[in-house]
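Next come the chains, spelled out residue by residue.
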Amino acid sequence: MDCIFCAILEGRAAASRVAEDADVVAFLDLRQPVPGHVLVVPRTHVETIYELAPDTAAALMRMAVRVAQALRAEFDPPGLNLWQSNGHAGGQEVPHVHLHVQPRQHRDGLFRAYPQGLPPPAARADLDELAARLRPRCDAVR
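This structure is a prediction, so every number in the text was calculated from the model and none was measured.

Q: Please explain helix α2 (residues 54–75) as it appears in this structure.
A: With 22 residues, α2 extends 31 Å between its outermost C-alpha atoms, agreeing within 8% with the 32 Å of an ideal straight helix rising 1.5 Å per residue. Buried within α2 we find Thr56, Ala59, Leu60, Met63, Ala64, Val67 and Leu71. Projection of α2 onto a plane perpendicular to its axis shows the buried side chains occupying an angular sector of 135°, all on one side. Projecting away from the buried face of α2 at angles above 90 degrees are the exposed residues Pro54, Asp55, Arg62, Arg72 and Ala73. Next to the buried residues of α2 lie β1 (17–20), β2 (24–28), β3 (38–42), β4 (79–83) and β5 (99–104). Once α2 finishes, Asp76 follows within two positions and takes phi at roughly 45°, a positive value.

Pasting the structure below:
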C-alpha cells in the first residue's frame, strides 16, 4: 500500500500541519484555491466512510469543527464547505478517508452542489417510500 496520507502521518512525506490529536491530523491541502483548504485525516488507514469506526468518525468531526472555528477566526469567510468523498464516482482522489474543510468567498468560482440549478422537489410519497426502505438499514448499523 502506498498511501500519501499514511506517508504524511508517518513523517515520510511533508505536510503543513494545522492541528492534531491522538486520533486525527489536520493539514493544509497542497491545492489552495482560496487560503485555508484543510484536510482532516484519521491516523488509522481507512479507505472510505463505509469502514469508518464510530469513534473515529466522531474524532474527525470534532477536529473539523475545531478547524472551521480557526478558519473563521483567521479569515472570517462568508461561507464554509465541509465535504467528504467516497469512491471514484464520488470524486475520491486519495483512498484514505478524509474531510475537506474549505472557507468560501462569494463568487470564488469553486464547485457548486447543483451546477445545473436546484432539482425540483421530489414527491412526498416517493420520499416517504425511500425513507421507509432506509430506516431498517440504518437501525441495523447501530
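There is more to say after this.
Q: When you look at a nonpolar patch on the surface in this model, what are you seeing that I'm missing?
A: Taken together, the side chains of Met61, Val65, Leu80 and Leu82 present a nonpolar region at the surface, about 310 Å² in accessible area. Structurally, Val65 is set in helix α2. On the basis of relative accessible area, Val65 is assigned to the partly exposed category, the value being 39%.

Q: What's the story with the nonpolar core in this structure? I'm lost.
A: In summary, soluble globular proteins display a tendency toward joint burial of nonpolar side chains. Counting 16 residues, the largest nonpolar core has Ala26, Val40, Met63, Val67 and Val101 as its most contacted members. At the level of elements, β2, β3, α2 and β5 are the ones that each hand at least two residues to this core. Cys3, Val25, Phe27 and Leu39 belong to the second-largest nonpolar core, a separate cluster that totals ten residues.

Q: Is there a simple way to think about the packing of aromatic side chains in this case?
A: Aromatic ring pairs are defined here through the distance separating the ring centres and the angle between the ring planes. This structure, assessed with the given rule, holds one aromatic pair. Ring geometry for Phe5 against Phe27: centres 5.6 Å apart, planes inclined by 75°, an arrangement best described as edge-to-face. With Phe5 in helix α1 (residues 4–9) and Phe27 in strand β2, this pair connects stretches of sequence that are 22 residues apart. The buried category is assigned to Phe5, whose relative accessible area is 5%. Judged by relative accessible area, which is 2%, Phe27 ranks as buried.

Q: What am I meant to see in the pattern of salt bridges here?
A: A side chain with one charge may pair with a side chain of the opposite charge, provided their charged atoms come close. What the rule picks out here adds up to six salt bridges. For the salt bridge of Arg104 with Asp108, the shortest nitrogen-to-oxygen distance reads 2.8 Å. As a salt-bridge pair, Glu129 and Arg133 come within 3.2 Å of each other at their nearest N and O atoms. Placement of both Glu129 and Arg133 in helix α3 (residues 124–141) is noted, with a separation of four residues, approximately one turn of the helix. Among the residues examined, Glu129 registers a relative accessible area of 40% and is labelled partly exposed. One continuous salt-bridge network, built from bridges that share partners, spans Arg17, Glu20 and Arg43.

About the cut-offs
Residues numbered from 1 in each chain as written. Predicted model: local features only at pLDDT ≥ 70, side-chain atom pairs only at ≥ 80, totals over all residues. Heavy atoms only, no water. Helix = DSSP H or I, 4+ residues; strand = E, 2+ residues; numbered from the N terminus. Expected span 1.5 Å × (residues − 1). Buried < 20%, exposed > 50% of the residue type's maximum accessible area, 1.4 Å probe, protein only. Arc of directions from axis to C-beta. Contact = heavy atoms within 4.5 Å. Patch = residues over 30% accessible without salt bridge, like charges linked within 9 Å, V, L, I, M, F, W, Y side chains within 5 Å. Areas by Shrake-Rupley, 256 points an atom, 1.4 Å probe, with all protein chains shown as cover. Salt bridge = Lys/Arg side-chain N within 4 Å of Asp/Glu carboxyl O. Core = buried A, V, L, I, M, F, W, Y, C linked by side-chain atoms within 4.5 Å. Phe/Tyr/Trp six-rings, centres within 6.5 Å; stacked < 30°, edge-to-face > 60°.

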